[in-house]
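Structure assessment
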Amino acid sequence: MKTSSTTSLAAGGKAQGRVSSIDSLRGLAIFGMILCAYIGWHSDLPAWMFHAQLPPPDYAFSPDVRGITWVDLVFPFFLFSMGAAFPFAMKKRISNGAGAAAISGWLVRRWLILVCFSFVLGNAGSASSSQCSPVWSNLFLIGTWGGLFLALTRFSFSKPAWNRAANAGGVLILAAAAVILQHALGVPLSKDKCDIIILILAYVSLTGSLIWYFTRDSIAARWLVFAAVWAVKALDSYTGVFSFIPDAGSAGYGWIFKFEYLQYLMIAIPGSIVGDMMMKRNAQGEAGMKAGGKEAAAAILASAAAIFQLWGLFTRHVTADIAVTACAAAAFALMTWKRRETWSDIVMTGMLLMTAGTVFDPIDGGIRKDWCNISYLLVTSGMAAVTAGVFLFLETKQGIRLSWLSRCGQNPMIAYTITGYVTVPVLSIAGIMPLIFKAAEGSPFMGLVQGFGITAIMMALTIFFTDRKIFWRS
């Protein structure tokens, strides 16, 4: 996916370089996504190393568990960074003369690609349940990734005709993979098999982009849309007033859309507002003076407040959490008021969302990711905003660019798939993966080595493609 979406645009539409803080936030989300999936699940690691609602030792989902861990921030951070990219992706098209019809057509095509991508991953991933040799199922996964690579890659150094030929070849490989999966591996294709993360991203991307387009000249109007989504979520959660709407699943359409997907707009919409703030900063050429000691202290305070909130919500010290978060927000405002800049405005937005989220924790009966409540949506969008603001502070005030994160964040779909479809299958065929799992069993240290090692491979491979300007489109 070629993410020119985070290219900064001046008022006239000229590219001014990348906003690496958005790429870095997306890269951080991907880093956490792979790490939490491949740390040792039977390595006696503490509960805060896993989803709060999938605690060790049995890792069984329990919706009654309240609280969140760092693992529960991964998906919201990705959603938020996607929202932050909306202005950059669409402003360029608007400046090139695209109207509402052209923009809508492009968004629908992008939605369709993501939906198809979701069903390819969902069905191909079930190859591990086949009765054939693990070697063949692993080879199938590698071949499927090769098909996706050809179908989705846009080679910047290639002629357009060659790109189209490669894309068509990839589609043919994926069609052949579907036949092989069903008839050779004995795993039936199903419309109910999908990658739910990608499917949610598809719908939030479509609706969130349209919301940005029609409110692009008024951030206040977009906050009103955010408030409307919040109100709908609250009414549905607390009164069940929308229970008359038939569930898509019961109507036989749950495989393609569920109304609950749109609740995640409460994360993507603030992300788009932060993206607008960053774009405005670039267009106006905000001075990049080195930060003073008070600004650095304010950035540290905001980071510490986010970490404390995560601890407080996990350990259920909610009263202390509300008090500390509110006081930290007030202190941050006082420390930065006389020298307000984009990074501090973004952080302040995040701290207000975090404060609101902690207030809703007792109202919601405790924060939880699944089934997610208002507290979760507000808190995680706030933490993402704080992180984005601090990253922007490091980038513009300290000259610190987290290159390894941003280069990974520029190529999210390769990063998302390459571990499960290339790295692990190759290591399994070579007989290395079983040895890694065995070494990590019962050992917290080796469990971490396993997770960080596999994540490091993912980042190295993703950066390899990014540096060669090989991106997947979506």
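What counts, and at which threshold
- Residues numbered from 1 in each chain as written.
- Predicted model: local features only at pLDDT ≥ 70, side-chain atom pairs only at ≥ 80, totals over all residues.
- Heavy atoms only, no water.
- Axes fitted to C-alpha atoms, helices over the stretch in contact; angles between N-to-C directions.
- Helix = DSSP H or I, 4+ residues; strand = E, 2+ residues; numbered from the N terminus.
- Parallel < 35°, antiparallel > 145°, perpendicular 65-115°, else oblique.
- Left-handed = near helix turned anticlockwise from the far one by under 90°.
- Contact = heavy atoms within 4.5 Å.
- Nonpolar A, V, L, I, M, F, W, Y, C, P; charged D, E, K, R; others polar.
- Phe/Tyr/Trp six-rings, centres within 6.5 Å; stacked < 30°, edge-to-face > 60°.
- Buried < 20%, exposed > 50% of the residue type's maximum accessible area, 1.4 Å probe, protein only.
- Lys NZ or Arg CZ within 6 Å of the ring centre and 35° of its normal.
- 1 Å grid on protein atoms, 1.4 Å probe; cavity = no way out; pocket = protein on both sides within 12 Å on 5 of 7 lines; lining within 4 Å.
- Points joined across faces, edges and corners; volume = space filled by probe spheres on them.
- pLDDT = per-residue confidence, 0-100.
- Polar contact = N/O pair within 3.5 Å; in protein donor to acceptor, adjacent residues only side chain to side chain.
- Salt bridge = Lys/Arg side-chain N within 4 Å of Asp/Glu carboxyl O.

This part is about the packing of helix 1 (residues 20-38) against helix 2 (residues 74-95). For any two helices packed against each other, one specifies the crossing angle of their axes together with the interaxial distance. One way to put it is that helix 1 packs onto helix 2 with a least axis distance of 8 Å and a crossing angle of 155 degrees. By the criterion of interaxial angle, the relationship of helix 1 to helix 2 is roughly antiparallel. Both helix 1 and helix 2 take part in a crossing whose hand is left-handed. Residues Ile-22, Leu-25, Arg-26, Leu-28, Ala-29, Ile-30, Gly-32 and Met-33 of helix 1 pack against Val-74, Phe-77, Phe-78, Phe-80, Ser-81, Ala-84, Ala-85 and Phe-88 of helix 2. Here the residues of the contact of helix 1 with helix 2 are counted per class, giving 13 nonpolar, two polar and one charged.

In this section: the packing of aromatic side chains. Inspection of every chain in the model, using the stated rule, returns 22 aromatic pairs. Here Tyr-213 and Phe-214 contribute two aromatic rings whose centre-to-centre distance is 5.0 Å and whose plane-to-plane angle is 85 degrees, an arrangement assigned as edge-to-face. Overall, the relative accessible area of 8% leaves Tyr-213 in the buried class. Taken together through their ring pairs, the aromatic side chains of Phe-117, Trp-145, Phe-149, Phe-464, Phe-465 and Trp-472 make up a single cluster. The cationic tip of Arg-93 hangs over the ring face of Trp-106; the distance from NZ or CZ to the ring centre is 3.9 Å.

Let us look at empty space enclosed by the protein. Per the stated rule, a full pass over the model turns up one cavity of 30 Å³ or more. Within this model, the largest cavity holds a volume of roughly 30 Å³. Lining the largest cavity are Met-33, Phe-78, Ile-197, Ile-198, Leu-201, Met-413 and Tyr-416. Contributions of two or more residues to the lining of the largest cavity are made by helix 6 (196-214) and helix 14 (412-429). When residues in the lining of the largest cavity are grouped by element, the largest group, three residues, is from helix 6. When its residues are assigned to classes, the lining of the largest cavity shows seven nonpolar, no polar and no charged.

A few words now on the confidence of the model for the chain. Keep in mind that low pLDDT regions are not for reading the predicted coordinates in detail. Averaged over all residues, the pLDDT of the chain is 90; the fraction at 70 or higher stands at 91%. Considering only residues more than four positions removed or in separate chains, one finds that residues 1-17, a stretch of pLDDT under 50, has 53 contacts.

Turning next to the environment of Gln-309. Here Gln-309 lies in helix 9 (residues 293-315). Not counting residues within four places of it along the chain, the set of residues in contact with Gln-309 comprises Asp-321, Thr-325, Met-354, Thr-358, Val-379 and Met-383. Separated by 3.1 Å, the side chain of Gln-309 and the backbone oxygen of Met-354 make a polar contact.

Attention shifts here to the environment of Pro-160. Here Pro-160 lies in helix 5 (residues 160-184). Since its relative accessible area comes to 55%, Pro-160 is described here as exposed. Here the alpha-carbon distance between Pro-160 and Leu-206, two residues 46 residues apart in the chain, equals 26 Å.

Attention now moves to the pattern of salt bridges. For the coordinates displayed, the defined rule picks out ten salt bridges. The salt bridge partner of Asp-276 is Arg-222, with a shortest N-O separation of 2.6 Å. Remark: Arg-222 occurs in helix 7 (residues 219-238) and Asp-276 occurs in helix 8 (residues 265-284); sequence separation between them is 54 residues. Here Asp-276 and Arg-222 have matching classes, each one buried.

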